[in-house]
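Architecture and fold: a report
Below are the chains, spelled out letter by letter.
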Amino acid sequence: MSRQWIRACKLTVEGENGVIDLSEMRIRFSVTQHTLQTPNALDARITNLSDDTVSRIQGEGKSVSLEAGYQDGYGLIFRGLIIQKRKGRENPVDTYLDILAQGGDTAYNFALVKKTLAAGHTFRDQVDAALEAMKPYGITAGYITDLGSKKMPRARVLFGMARDVLRTVAFSTGTSWSIQNDQLVITKDAETLPGAAIVLNSRTGMIGLPEQTDLGIQVTCLLNPQIRPSSRIQINQKDIQQAKLSADYLGVVNNAQIPPLADDGFYKVWTVSHAGDTRGDPWYTTAICTRADGKGQIPTGLVSKGIEVAQ
């Protein structure tokens, strides 16, 4: 385990005339990552930039990358395209530039599949067709699970949005897909990304106590870029605060929606939020997860509610 000491943050904006490094400024940010088939998001505020730097970013800034963590262990937590640059003033002395960005946004909204697959094609062939349509928008292949060897008895014409092709494949194969830092990632619902589990306890940076909610197990720790959607974490069972059941007449329905705890303490992460301030608090990662073995339902409210990010 690396030392969680001395924060590290690198924020860069890329444009036609090179890269602008904003890492030495005060940066406040929130990043949302998830496996919910929609683009990840970054909301960053940089304080007291010079007028020349603000003008340059507003004029040529196209994409943004954010790395964060600690000096002994930091990594990329967001890469995407800027959708808004907004300057303003917090008080008579301090100015700011807000950057709002989404990851994989153009591929999600504009990648179009136009291809005919012959009889005998597989689900992986359909994924490859969607990925080919996304490549012009900067998307490459990340971890893609084994989608099986089932061969389709008939030819199929794929014409439409790449995201719709991926959703159909995900529904048919019991998988989830997302775009993480310009990479297409597909995992089975009862599977995590390869690699050892990330242990969360009071010695490894866990803040407070994990809670069982109707969305899953919610846990907060010191900012950790290794915690990503579909990663595997381990939580001591006795640390988790169990959800309170409802005794109302209709409470049995809501009670049944609460995801069960994992007997072995291993959980799959579905949604991650990173919140940081290079000159203060917070500097936390919050994850919502369910048991890694896939037993129990995936909360239906996960897509619509998400997690609240501390500002």
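Located above this text is the structure these notes cover.
Residues numbered from 1 in each chain as written. Predicted model: local features only at pLDDT ≥ 70, side-chain atom pairs only at ≥ 80, totals over all residues. Heavy atoms only, no water.

1. Looking at the overall build of the protein
On a plain count of helices and strands, the protein comes out with six helices and 18 strands. Relative to the globule expectation of 19 Å for 311 residues, the C-alpha radius of gyration of the protein, 21 Å, shows essentially globular dimensions. In terms of overall dimensions, the protein has a C-alpha envelope of 65 × 50 × 40 Å along the principal axes. Relative to all contacts within the protein whose residues are 6 or more apart in sequence, the contacts with residues 24 or more apart total 71%. Accessible surface, the protein as shown: approximately 15500 Å² in total, 48% of it carbon and sulfur. For the protein, the distance from the average site of its 34 positive side-chain charges to the average site of its 32 negative ones is 4 Å. (Helix = DSSP H or I, 4+ residues; strand = E, 2+ residues; numbered from the N terminus. Rg over C-alpha atoms; globule rule 2.2 N^0.38 Å. Contact = heavy atoms within 4.5 Å. Areas by Shrake-Rupley, 256 points an atom, 1.4 Å probe, with all protein chains shown as cover. Lys, Arg positive; Asp, Glu negative; His and termini not counted. Charge placed at Lys NZ, Arg CZ, Asp CG, Glu CD.)

2. A short note on the sheet that holds strand E12 (residues 183–188)
Paired through their backbone hydrogen bonds, the strands of a sheet run either parallel or antiparallel. With mixed pairing, the three strands of this open sheet are ordered in space as E9-E12-E11. Edge positions in the sheet fall to strand E9 (140–144) and strand E11 (175–180), since each of these pairs with one other strand and no more. Shown here is a sheet whose adjacent strand axes are inclined to one another by a mean of 20 degrees, direction ignored. Examined bridge by bridge, E11 and E12 share six bridges and lie antiparallel to one another. When the bridges of E12 are listed, Trp177 appears paired with Ile186. Relative to E11, helix H4 (residues 162–173) is tilted by about 145 degrees, and along the sheet it contacts E11 and E12. (Pairing = 2+ DSSP bridges. Axes fitted to C-alpha atoms, helices over the stretch in contact; angles between N-to-C directions.)

3. Here we look at the side chain of Asp182
The topology assignment puts Asp182 in the loop between E11 and E12. Although Asp182 is buried, it makes no salt bridge; Arg79 carries the closest opposite charge, 4.5 Å away. (Buried < 20%, exposed > 50% of the residue type's maximum accessible area, 1.4 Å probe, protein only. Salt bridge = Lys/Arg side-chain N within 4 Å of Asp/Glu carboxyl O.)

4. As for the state of the cysteines
Enumeration according to the criterion identifies zero disulfides in this entry. This cysteine, Cys221, is not joined by any disulfide, and Cys289 carries the nearest cysteine sulfur, 11 Å off. Judged by its relative accessible area of 2%, Cys221 is buried. Cys289 gets classed as buried once you look at its relative accessible area, which sits at 0%. (Disulfide = S-S within 2.5 Å.)

5. What to know about the pairing of strand E1 (residues 7–15)
Sheet topology note: the E1/strand E5 (residues 61–70) ladder contains nine bridges and is antiparallel. Residue pairing for E5: Arg7 is matched across the bridge by Tyr70. Two strands pair when backbone bridges link them, and E1 and strand E2 (residues 18–21) are joined in this way by four bridges, in the antiparallel orientation. Residue pairing in the sheet places Thr12 in a bridge with Asp21 of E2. Between E1 and E2, which pair antiparallel in sequence order, lie two residues.

6. Observations concerning the environment of Met152
Looking at the secondary structure, you find Met152 in the loop between E9 and strand E10 (156–161). Using a relative accessible area of 13% as the deciding quantity, one classes Met152 as buried. Through-space distance from the C-alpha of Met152 to that of His121 is 5.5 Å; in sequence the pair is 31 residues apart. In contact with Met152, not counting residues within four places along its chain, are Ala119, Gly120, His121, Thr122, Phe123 and Gln126.

7. Describing the pairing of strand E4 (residues 40–47)
Inspection of the sheet shows strand E3 (residues 27–34) paired to E4 by six bridges, in the antiparallel sense. Following the sheet pairing, Val31 is matched in E4 by Leu42. The hairpin turn running from E3 into E4, its antiparallel successor, is five residues long, and Gln37 in that turn takes a positive phi close to 65 degrees. As defined by bridge partners, E4 adjoins strand E7 (residues 95–103) across eight bridges and the pair is classed as antiparallel. Each residue of the ladder has a partner; that of Leu42, found in E7, is Ala101.

8. Remarks on the pattern of salt bridges
As enumerated under the stated definition, the model contains twelve salt bridges in all. Between Arg167 and Asp164 there is a salt bridge, with the nearest N and O atoms lying 3.8 Å from each other. Note that Arg167 and Asp164 are positioned in helix H4 at a spacing of three residues, about one turn of the helix. Given a relative accessible area of 37%, Asp164 falls into the partly exposed group.

9. Comments concerning unusual backbone geometry
With omega at 5 degrees, the peptide bond leading from Asp281 into Pro282 counts as cis. Relative to the helices and strands, Pro282 is located in the loop between strand E17 (266–277) and strand E18 (283–291). Unusually for a residue other than glycine, Ile6 sits at a positive phi of about 70 degrees. The topology assignment puts Ile6 in the segment before E1. Classification of Ile6 by relative accessible area gives partly exposed; the value is 40%.

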